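Examining the three-dimensional arrangement
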Amino acid sequence: MLGSMMQMPLLISSLLMHAERHHPEQEIVSRRVEGDLHRTTYRELAGRARRMANALTARGLKMSDRIGTLAWNGYRHLELYYAVSGSGAVLHTINPRLHPDQIVYLADHAENTILFFDLTFLPIVEAIAPRVKTIKAFVAMTDAAHMPAGSAIPNLLCYEDLIAEGAPEFDWPQFDENTASSLCYTSGTTDNPKGALYSHRSTLLHTLSAALPDALNCSAGDCILPVVPMFHVNAWGIPYVACMVGAKLVFPGAGLDGKSLHDLFEAEGVTMAAGVPTVWQGLLAHMQANNLGFSTMRRTVIGGSACPPAMIEAFEKTYKVHVVHAWGMTELSPLGTICSFKFKHKELSVDQQLALQARQGRVLFGIDMKIVAPDGGEVAWDGLQTGDLQVRGHWVIDGYFKGEGNNPLVRGWFPTGDVAKIDADGYMQITDRSKDVIKSGGEWIGSIDLENIAMAHPAVAMAACIAARHPKWDERPLLVVMKKPGMDVTRDELIKFYEGRVARWWTPDDVVFVDSIPLGATGKMQKNKLREQFRDYKLPTA
Ligand code: ADP
């Protein structure tokens with residue numbers, strides 16, 4: 001017997017309709033490429049998204065067409081999130097920090113038909129326009145007054161002219177909730193990037209779960225500033241969550257430095273932010289240097305790479321901002337686990353709580369996880385033994401776009417490429433990416449632990465730990481350190497800093513100081529580049 005309940009497909013347009021009907025006056029503030037601060041509301045967002053959907057449909061947009069964007073976080077990008085996916089087409093957000101060759105590859109692979117771009121990225125678009133095969137129109141996300149003069153880009157359109165073309169009435173089409181909605185590619189550090197093609201259903205379920213108190217904990221009482229870019233796994237779902245709960249949204253545009261962010265936090269009453277550790281480093285340095293605090297910020301979600309415990313402590317103790325440590329990946333839409341306390345953890349001391357927050361946390365409902373040994377057997381959840389982390393759930397890919405990489409699943413589970421341990425309460429902690437693990441004398445050394453310790457030293461700005469070749473042990477840890485400006489520390493002092501903090505045989509064999517550590521397009525340390533740079537490094541112990 002079937003239940004006698006209404007059938008409504010889980011569609012992204014329903015989020016926008018909800019926001020328009022129930023939170024019409026809620027504000028969306030954007031720092032624009034044009035230089036000013038722009039203010040709009042969910043009512044206007046919905047109206048303009050309808051106009052854009054109309055204009056695109058009139059120009060021939062069809063279901064499942066892939067529409068590319070090269071854009072910062074801003075209201076126009078948000079309009080496209082809804083106009084494109086809501087029409088049944090697929091929003092392909094491209095990371096503008098990638099090399100132009102990679103952008104050409106992505107646009108061709110996705111067969112983008114239109115490319116929207118912020119004016120910042122005009123030089124990239126000029127470089128790729130003659131090379132891309134399927135793009136029929138390029139749209140500059142600005143008004144007529146700011147259109148680039150004398151550009152050689154063919155079929156260059158103006159965003160505001162397009163919006164003006166579209167009639168305001170548009171009924172969001174109803175279709176199968178399994179229809180593709182958006183496309184994000186992995187960063188492809190070793191291979192060509194592979195596409196994760198999300199559906200309306202997977203996105204809606206991810207949104208519902210992500211907003212829960214033990215996850216992002218968002219409500220209509222929040223003012224959310226996603227520093228994480230909308231071109232990086234849909235800004236971790238915040239553009240959808242904000243509409244669902246009716247939160248005020250603040251978009252930083254291109255201003256991601258500490259001062260620009262802090263000014264915006266204070267001026268707009270931001271209560272919650274989200275971003276990768278490298279961004280928060282800039283913010284904390286600015287705040288320390290200028291003796292600043294937060295008036296309204298209550299919590300920040302940190303993920304994308306391991307959040308160093310020293311950063312968690314600075315936020316919690318000095319700035320009274322609660323750190324929510326999150327783990328995920330492109331293939332998971334992206335949220336997999338979030339670290340929030342259970343009832344019994346309220347009894348813990350502050351320092352015990354901080355230690356727990358350094359873990360990546362428990363799964364969201366809708367995701368399951370396990371750690372497995374090389375033979376495929378499950379590893380016990382004792383908080384000690386590590387294994388390869390595998391996941392499955394409503395918003396995990398079951399294959400890559402166009403079948404790239406063949407079938408990635410192992411007996412129905414997606415292998416994440418991360419090495420982790422899980423404790424009896426279900427808290428997962430990433431110890432490494434499997435390709436970064438240091439194999440010393442047949443035992444594994446987790447590089448993240450070693451990096452976290454180095455980053456707790458007051459003179460260290462950033463630290464990466466990589467495997468260096470060793471004649472006896474195969475590999476030993478080499479610590480690559482970037483110092484804070486004006487601060488000093490020696491190799492021996494750093495090695496000594498590990499005493500009592502880690503098993504003696506885990507202590508790095510050597511330290512090298514560098515001016516900068518290479519970061520990838522999503523702000524993560526590129527350890528493969530460091531491994532290449534120090535391939536022939538001779539350890540003093542070798
Ligand atoms: P890519 O895999 O293309 O680098 P993703 O953004 O999908 O890009 O990155 C996912 C990976 O990032 C995870 O598999 C994991 O290694 C790492 N990661 C994400 N969040 C965390 C975290 N909180 N702690 C440690 N590693 C993390």
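No experiment lies behind these values; they were computed from the predicted model shown. (Residues numbered from 1 in each chain as written. Predicted model: local features only at pLDDT ≥ 70, side-chain atom pairs only at ≥ 80, totals over all residues. Heavy atoms only, no water.)

Here we come to helix α11 (residues 309–318). Among the residues of α11, those classed as buried are Met311, Ile312, Ala314, Phe315 and Glu316. Residues of α11 that are buried sit in contact with α10 (277–289), β13 (299–302), β14 (322–328) and α12 (350–357). Two residues or fewer after α11 comes lysine 320, characterised by a positive phi angle close to 55 degrees. (Buried < 20%, exposed > 50% of the residue type's maximum accessible area, 1.4 Å probe, protein only. Helix = DSSP H or I, 4+ residues; strand = E, 2+ residues; numbered from the N terminus. Contact = heavy atoms within 4.5 Å.)

In the vicinity of the ligand lie 17 residues, with Ser187, Ala326, Thr330, Asp418 and Lys524 positioned nearest. Within the side chain of glutamine 360, a nitrogen or oxygen atom sits 2.8 Å from a nitrogen atom of the ligand. At 2.6 Å from an oxygen atom of the ligand is found a side-chain nitrogen or oxygen belonging to lysine 524. In isolation the ligand exposes 560 Å². Once the protein is present, 93% of that is buried. Examining the composition of the shell around the ligand, we find that four residues originate from one element, β14, more than from any other. Classifying every residue of the shell around the ligand by side-chain character gives four nonpolar, 10 polar and three charged. (Near = heavy atom within 4 Å. Polar contact = N/O pair within 3.5 Å; in protein donor to acceptor, adjacent residues only side chain to side chain. Areas by Shrake-Rupley, 256 points an atom, 1.4 Å probe, with all protein chains shown as cover. Nonpolar A, V, L, I, M, F, W, Y, C, P; charged D, E, K, R; others polar.)

Further remarks concern the pairing of strand β25 (residues 510–513). With four bridges connecting them, strand β24 (residues 474–483) and β25 associate as parallel partners. Bridging across to β25, leucine 479 finds its partner in valine 511. Taken together, β24, helix α14 (residues 491–497) and β25 constitute a β-α-β crossover, and its handedness is right-handed. (Pairing = 2+ DSSP bridges. Right-handed = clockwise from strand over helix to strand, strands pointing away.)

Take the pattern of salt bridges next. Across all of its chains, the model carries 34 salt bridges by this definition. A salt bridge links arginine 32 to aspartate 36; the shortest N-O distance between them is 2.7 Å. What makes aspartate 36 partly exposed here is its relative accessible area of 31%. Here glutamate 111 and arginine 66 are joined by a salt bridge, their closest N and O atoms 3.8 Å apart. (Salt bridge = Lys/Arg side-chain N within 4 Å of Asp/Glu carboxyl O.)

Now for the nonpolar core. Membership of the largest hydrophobic core comes to 117 residues, with the highest contact counts inside it found for Tyr82, Phe116, Leu216, Phe265 and Trp280. Ranked by residue count, the leading element in this core is helix α2 (residues 42–58), at eight residues. No fewer than three residues from each of domain 1 (12–201) and domain 2 (368–433) sit in this core. By size, the runner-up hydrophobic cluster in this structure holds 29 residues, among which are Leu70, Leu122, Ile124 and Val132. (Core = buried A, V, L, I, M, F, W, Y, C linked by side-chain atoms within 4.5 Å. Domains from an automatic or database assignment.)

It is worth spelling out unusual backbone geometry at this point. In this structure, proline 334 follows serine 333 across a cis peptide bond, with omega equal to 10 degrees. Along the polypeptide, proline 334 turns up in the loop between β14 and β15 (335–338). Even without a glycine there, the phi angle at serine 64 is positive, about 70 degrees. Within the secondary structure layout, serine 64 lies in the loop between α2 and β3 (66–70). For asparagine 406, which is not glycine, the phi dihedral falls at a positive 55 degrees. Among the structural elements, asparagine 406 can be located in the loop between β18 (387–393) and β19 (414–422). A relative accessible area of 64% places asparagine 406 in the exposed class.

For the chain, the assigned domains read domain 1 (12–201), domain 2 (368–433) and domain 3 (437–533). The C-alpha-based centres of domain 1 and domain 3 are spaced at 40 Å.

Attention now moves to the environment of tryptophan 505. Take tryptophan 505: it is sitting in the loop between α14 and β25. With 14 residues separating them in the primary sequence, tryptophan 505 and arginine 491 have C-alpha atoms 17 Å apart.

In this section: the sheet that holds strand β16 (residues 362–363). Strand pairing in a sheet takes place through backbone hydrogen bonds and is either antiparallel or parallel in direction. Across the sheet, which stays open at both edges, the nine strands sit in the order β2-β1-β11-β10-β12-β13-β14-β15-β16 with mixed pairing between neighbours. Both edges of this open sheet fall to β2 (37–41) and β16, since each of them pairs with a single strand only. Sheet topology note: the β15/β16 ladder contains two bridges and is antiparallel. Across the sheet, the residue bridging to threonine 337 is valine 363, located in β16. Each of β1 (27–31), β2 and β11 (248–251) touches α2; the most contacted strand, β2, lies at about 85 degrees to it. (Axes fitted to C-alpha atoms, helices over the stretch in contact; angles between N-to-C directions.)

Time to look at the sheet that holds β3. On the basis of which strands lie adjacent, the open sheet formed by seven strands has the order β7-β6-β5-β3-β4-β8-β9 and mixed pairing. Of all strands in the sheet, those bounded by a partner on one side alone are β7 (156–158) and β9 (195–199). Each strand axis lies, on average, 25 degrees off the axis of its neighbour in the sheet, ignoring direction.

Those residues of helix α4 (residues 100–110) not exposed but buried are Ile103, Val104, Leu106, Ala107, Asp108, His109 and Ala110. Of the surrounding elements, those touching the buried residues of α4 are β3, β4 (90–93), β5 (112–117), α5 (122–128) and β8 (180–185). Following α4 by one or two positions, glutamate 111 adopts a phi angle in the positive range, close to 55 degrees.

Glancing now at the side chain of threonine 186. Residue position: threonine 186 is located in the loop between β8 and β9. Excluding its chain neighbours within four sequence positions, the residues that come into contact with threonine 186 are Pro193, Lys194, Thr330, Glu331 and Tyr400.

Below, the discussion takes up the packing of α11 against α12. In a packed pair of helices, the relevant descriptors are the angle between the two axes and the axis-to-axis distance. In contact at an axis separation of 10 Å, α11 and α12 are set at 140 degrees when each is read in the N-to-C sense. Considering their axes alone, α11 and α12 lie oblique with respect to each other. Here α11 and α12 pass one another in a crossing that is right-handed. Facing Ile312, Glu313, Glu316 and Lys317 of α11, the residues of α12 in contact are Val350, Asp351, Leu354 and Gln357. Class assignment for the residues of the contact of α11 with α12 results in three nonpolar, one polar and four charged. (Parallel < 35°, antiparallel > 145°, perpendicular 65-115°, else oblique. Left-handed = near helix turned anticlockwise from the far one by under 90°.)

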